[in-house]
Amino acid sequence: MKLLIFIGLFVILSQNAFATGQVPDVIRFNGNTHEIFSFPMESYFAKNPNRRPRARYWFSHLQRGYRAHFEIINNELILVRLETMRSDGVRWRRVISWHFGRRFNVSTFSGEISLPNGAFTGEWRGFTPIFESYIVLTVIEGNVTNVSERDTFEQN
């Protein structure tokens, strides 16, 4: 019985030790490209699970199966590229053309997207790197309604 309790506690307490950092999505805003550690397409795939791209290979650092590239165009959150990883774990394969067309407004997403703005502090919150400041985009149904700055990291 003590062995089972020990194994159970070990598994519960060590879950974060075995976690793998995830490949970030990418967004282009005001001419700058930023990596983001929130995943706006997940709201779309939650409502449309049959549209989620089927990755041919599974990687622990890409558990959602894809990387999305966004751009803010006329205050809209636009998906411009969606890709899955190839078998070598380095190269990417585009899938957006047969899933969504050339550009797709992510109207299912509402929330905040934090864009790193400033130098990396050398600190991490879990697997999220902490920067000196952030540009925060408030998005409602795929439309940017507010842009602000924060000098501290706040989890979305």
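Read on for a plain summary of the structure. (Residues numbered from 1 in each chain as written. Predicted model: local features only at pLDDT ≥ 70, side-chain atom pairs only at ≥ 80, totals over all residues. Heavy atoms only, no water.)

**Here we look at the overall build of the protein chain**
Turning to step 1, where the next piece is worked out: Counting its secondary structure elements, the protein chain contains three helices and nine strands.
Turning to step 2, where the next piece is worked out: Listed by position from the N terminus, the elements making up the protein chain come as α-β-β-α-β-β-β-α-β-β-β-β.
Turning to step 3, where the next piece is worked out: Every one of the 156 residues in the protein chain was classed for burial, and the buried ones make up 38%.
Turning to step 4, where the next piece is worked out: Summarising the internal contacts of the protein chain: among those between residues at least 6 apart in sequence, 53% fall at separations of at least 24.
Turning to step 5, where the next piece is worked out: A total accessible area of about 9700 Å² is found for the protein chain, and carbon and sulfur atoms account for 52% of it. (Helix = DSSP H or I, 4+ residues; strand = E, 2+ residues; numbered from the N terminus. Buried < 20%, exposed > 50% of the residue type's maximum accessible area, 1.4 Å probe, protein only. Contact = heavy atoms within 4.5 Å. Areas by Shrake-Rupley, 256 points an atom, 1.4 Å probe, with all protein chains shown as cover.)

**Some thoughts on the environment of Asn-74**
Turning to step 1, where the next piece is worked out: Within the secondary structure, Asn-74 is located in the loop between strand S3 (67-73) and strand S4 (76-85).
Turning to step 2, where the next piece is worked out: Residue classification places Asn-74 among the exposed residues on the basis of a relative accessible area of 69%.
Turning to step 3, where the next piece is worked out: The sequence separation of Asn-74 and Val-144 amounts to 70 residues, and the corresponding C-alpha distance is 8.8 Å.

**Here we look at the packing of aromatic side chains**
Turning to step 1, where the next piece is worked out: For the structure on display, the rule yields six aromatic pairs.
Turning to step 2, where the next piece is worked out: Ring centres of Phe-45 and Tyr-66 lie 5.3 Å apart, and the angle between their planes is 65°; on these two criteria the pair is classed as edge-to-face. Here the residue Phe-45 occupies a position in helix H2 (residues 41-47), and Tyr-66 occupies one in the loop between H2 and S3, the gap between them amounting to 21 residues.
Turning to step 3, where the next piece is worked out: Overall, the relative accessible area of 2% leaves Phe-45 in the buried class.
Turning to step 4, where the next piece is worked out: Pairing Phe-131 with Tyr-134 gives two aromatic rings, centres 6.4 Å apart and planes at 90°, and the pair type is edge-to-face. In this structure, Phe-131 and Tyr-134 share a single accessibility class: buried. (Phe/Tyr/Trp six-rings, centres within 6.5 Å; stacked < 30°, edge-to-face > 60°.)

**Regarding the pattern of salt bridges**
Once the charged atoms of two side chains with opposite charge are near each other, the side chains can pair.
Turning to step 1, where the next piece is worked out: One pass over the structure, following the stated rule, counts five salt bridges.
Turning to step 2, where the next piece is worked out: Here Arg-52 ties to Glu-42 by a salt bridge, and the two come within 2.9 Å at their closest N and O atoms. Here Glu-42 lies in helix H2 and Arg-52 lies in the loop between H2 and S3, a separation of 10 residues in the sequence.
Turning to step 3, where the next piece is worked out: Relative accessible area serves as the criterion here: at 29%, Glu-42 is assigned to the partly exposed category.
Turning to step 4, where the next piece is worked out: Glu-112 is the salt-bridge partner of Arg-150, the closest N and O atoms lying 2.9 Å from each other. Linking Arg-150 in strand S9 (residues 143-150) with Glu-112 in strand S7 (residues 111-125), this pair joins segments that are 38 residues apart in sequence.
Turning to step 5, where the next piece is worked out: With a relative accessible area of 28%, Glu-112 lands in the partly exposed category.
Turning to step 6, where the next piece is worked out: What you see here is one network of salt bridges that share partners, running through Arg-67, Arg-81 and Glu-83. (Salt bridge = Lys/Arg side-chain N within 4 Å of Asp/Glu carboxyl O.)

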